[in-house]
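In case you want the letters, here they are:
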Amino acid sequence: MNTATDQNRKLERDFYEPVKNWLDKILAEKFASHHLEVTANGSFSNIIQKQIADHRDLIFAFLKKDAAPDLTGFVKKTDSLSREFLIVEMKNEPIKLDDIYQTRKYAELFDARYALLISTHEVPEKIIRLARVMFPYLLAIPAYKKVTLVHFGKDGADVSWFESDPFAEAVK
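Worth saying up front: this structure is predicted, and the values here are computed from it rather than measured. (Residues numbered from 1 in each chain as written. Predicted model: local features only at pLDDT ≥ 70, side-chain atom pairs only at ≥ 80, totals over all residues. Heavy atoms only, no water.)

(A) The environment of Ser45, seen in detail. Within the secondary structure layout, Ser45 lies in the loop between strand E1 (33–38) and helix H3 (46–51). Sequence spacing of Ser45 and Thr72 is 27 residues, and the spatial spacing of their C-alpha atoms is 9.9 Å. For Ser45, the residues in contact, after removing those within four places along its chain, are His35 and Glu37. (Helix = DSSP H or I, 4+ residues; strand = E, 2+ residues; numbered from the N terminus. Contact = heavy atoms within 4.5 Å.)

Here it is, written out as structure tokens:
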């Protein structure tokens, strides 16, 4: 059986920990501190909940079991006490337009600085073309932030970013 067929048979949730581990390594290199957890089941730790401002805690009413990002976390830089949220939505199929809007919804609820839509498949050319035609609107989220599309292959050994790695410019 070939690798692509094996990967297609895996469930989306089978990729949560490998993606979390891969991101943990990137975030540890780029930020003074970070916290990342699997939240696909709609359960958020006290660590995450404490980061939400009191006037925004209403978001949890909308993040039920069937409507929560697969991974949620935050990063902090050395020179700042403030944190920046990170949300990740995983797909074990090619990215679709609805997946982008789902990721944008989570990013907006958390006011996330980093929003990743990660697929185990290459980003479809039609999605790339649509993003270019609708630039900057399709991937945009408020306050000059954007959704980043990621192809996650071979447990993180083969990764490609569209349009670019959002952590490349991060400085501790």
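So much for the structure itself; the text now carries on.
(B) Spotlight on the side chain of His151. Take His151: it is sitting in strand E6 (residues 145–153). Polar contacts involving the side chain of His151 include one to the main-chain carbonyl oxygen of Thr120, which spans 3.4 Å. For His151, the residues in contact, after removing those within four places along its chain, are Ser119, Thr120, His121, Glu122, Asp158, Val159 and Ser160. (Polar contact = N/O pair within 3.5 Å; in protein donor to acceptor, adjacent residues only side chain to side chain.)

(C) Quick peek at the environment of Ile52. Structurally, the position occupied by Ile52 is in the loop between H3 and strand E2 (71–76). Note on Ile52: relative accessible area 7%, which makes it buried. Measuring from C-alpha to C-alpha, the distance between Ile52 and Asp111 comes to 9.8 Å, with 59 residues separating the pair along the chain. When sequence neighbours within four positions are dropped, the list of residues in contact with Ile52 reads Asp57, Ile59, Phe60, Phe85 and Phe110. (Buried < 20%, exposed > 50% of the residue type's maximum accessible area, 1.4 Å probe, protein only.)

(D) Spotlight on helix H2 (residues 16–30). With 15 residues, H2 should cover 21 Å at 1.5 Å per step; its first-to-last C-alpha distance of 21 Å lies within 8% of that length. Taken together, the buried positions of H2 are Tyr16, Val19, Lys20, Trp22, Leu23, Asp24, Ile26 and Leu27. The inward-facing, buried residues of H2 contact E1, E2, strand E3 (83–91), strand E4 (114–119), E6 and strand E7 (158–162). (Expected span 1.5 Å × (residues − 1).)

(E) Spotlight on unusual backbone geometry. Cis geometry marks the peptide bond from Phe162 to Glu163, where omega comes out at 5°. Its identity is not glycine, yet Asp111 carries a phi of approximately 50°, on the positive side. As for its placement among the helices and strands, Asp111 is situated in the loop between helix H4 (97–110) and E4.

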